[in-house]
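Commentary on secondary and tertiary structure
Spelled out from the first residue to the last, the chains are:
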Amino acid sequence: MELPPDFLLYVLIGFAAQLIDGALGMAYGVTASSLLLGFGVPPAVSSATVHAAECFTTGTSAVSHHAFGNIDRRLFRRLLLPGMLGAGVGAYLLTTCDGDMLKPWIAGYLLLMGIMILFKSFRELVPREVTAHVSALGFFGALMDAIGGGGWGPIVASNLIARGHELRLTVGSVNAVEFFVTLTASIVFLLTMGTGHLGIALGLALGGMVAAPFGAWLLRFVRPRLLMPVVGVLVIGLSVRILYHSFAG
């Protein structure tokens, strides 16, 4: 396989996206896709390569979070099967309908979640176990992630954080389940779209795997009250960007 001329650029994009995802529990797909599109990579190629790369980056991230004790096993189990099912359904639907039509609705939901997180960052955060509707949340998050090219972290992690689940365990558990969600979606995409542009996926994966342990390690030293505003602003910013391009285009 011949490496693309901008291979190092794709490595750096993968590193940056995974560092953000590992520390905040979200936004690898959205960050990597946005950067790839900004450098002229076609949307279809961007989506396919990001999902392929995430098979490696999310696996490394899951192992790292397990090593640092960031995974809530109960939460992991409740998200796993619904997430895999949602990813498979979403990836299949994307091959038969226009996923861009759904992006404004996803962005509107994420915008509300970002505002909620930002509001909660100024209130006393009391960690508690979230049990209601977790399976449905996992299915919906994975479905939207596969259809929209990203969103598992912002939808699932931000929802759980906003409802009071402990931030460290939320980030670690959501990242761990993401490996299985991404693997399921990638298998469906592989069967329907082929194996083109593997060089870009390899660059993203290499950069992401290098960054994954740093993101998991950094999470142990970040205080929830300091990280919550960052998460809120990040989700709001990404949502506004998607809404702008959806209506401006």
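Scroll up a little and you will see the structure.
One structure accompanies this document, and this report is about it. Everything numeric in this text was worked out from a predicted model, so none of it was measured.

Counted by the stated rule, this structure contains 1 cavity of 30 Å³ or more. Empty space within the largest cavity amounts to approximately 40 Å³. If you trace the largest cavity, you find 14 residues lining it, with Ala27, Tyr28, Gly29, Gly151 and Glu178 closest to the centre. At the level of secondary structure, the elements contributing two or more residues to the lining of the largest cavity comprise α2 (28-38) and α7 (152-162). Residues of the lining of the largest cavity, tallied by class, amount to 6 nonpolar, 4 polar and 4 charged.

In this section: the nonpolar core. Counting 36 residues, the largest nonpolar core has Leu79, Trp152, Val156, Val174 and Val177 as the members making the most contacts within it. Where this core is concerned, the elements lending two or more residues are α4 (73-94), α5 (103-120), α6 (134-148), α7, α8 (167-193) and α10 (224-248). Of the residues forming this core, the biggest block, 9 residues, is contributed by α8. Among all residues touching Leu79, those that are not within four sequence positions of it are Val134, Gly138, Val156, Val174 and Val177. Val45, Val50, Ala53 and Ile200 belong to the second largest nonpolar core, which has 13 residues in total.

With respect to the helices, strands and loops of the structure, Gly151 is situated in the loop between α6 and α7. Along the primary structure Gly151 and Gly141 are separated by 10 residues, whereas in three dimensions their C-alpha atoms are 6.7 Å apart. Apart from the residues lying within four places of it in its own chain, the contact partners of Gly151 are Val30, Asp145 and Val156.

A contiguous nonpolar surface patch, about 590 Å² in accessible area, is contributed by Phe15, Leu19, Phe56, Leu206, Met209, Val210 and Phe214. When residues of the nonpolar patch are traced back to their parent elements, those giving at least two are α1 (7-24) and α9 (198-219). For the nonpolar patch, the element with the highest residue contribution is α9, accounting for 4 residues. Locating Met209 in the fold gives a position in helix α9. With a relative accessible area of 32%, Met209 lands in the partly exposed category.

What counts and what doesn't
Residues numbered from 1 in each chain as written. Predicted model: local features only at pLDDT ≥ 70, side-chain atom pairs only at ≥ 80, totals over all residues. Heavy atoms only, no water. 1 Å grid on protein atoms, 1.4 Å probe; cavity = no way out; pocket = protein on both sides within 12 Å on 5 of 7 lines; lining within 4 Å. Points joined across faces, edges and corners; volume = space filled by probe spheres on them. Helix = DSSP H or I, 4+ residues; strand = E, 2+ residues; numbered from the N terminus. Nonpolar A, V, L, I, M, F, W, Y, C, P; charged D, E, K, R; others polar. Core = buried A, V, L, I, M, F, W, Y, C linked by side-chain atoms within 4.5 Å. Buried < 20%, exposed > 50% of the residue type's maximum accessible area, 1.4 Å probe, protein only. Contact = heavy atoms within 4.5 Å. Patch = residues over 30% accessible without salt bridge, like charges linked within 9 Å, V, L, I, M, F, W, Y side chains within 5 Å. Areas by Shrake-Rupley, 256 points an atom, 1.4 Å probe, with all protein chains shown as cover. Salt bridge = Lys/Arg side-chain N within 4 Å of Asp/Glu carboxyl O.

Purely geometric numbers; function is a separate question.
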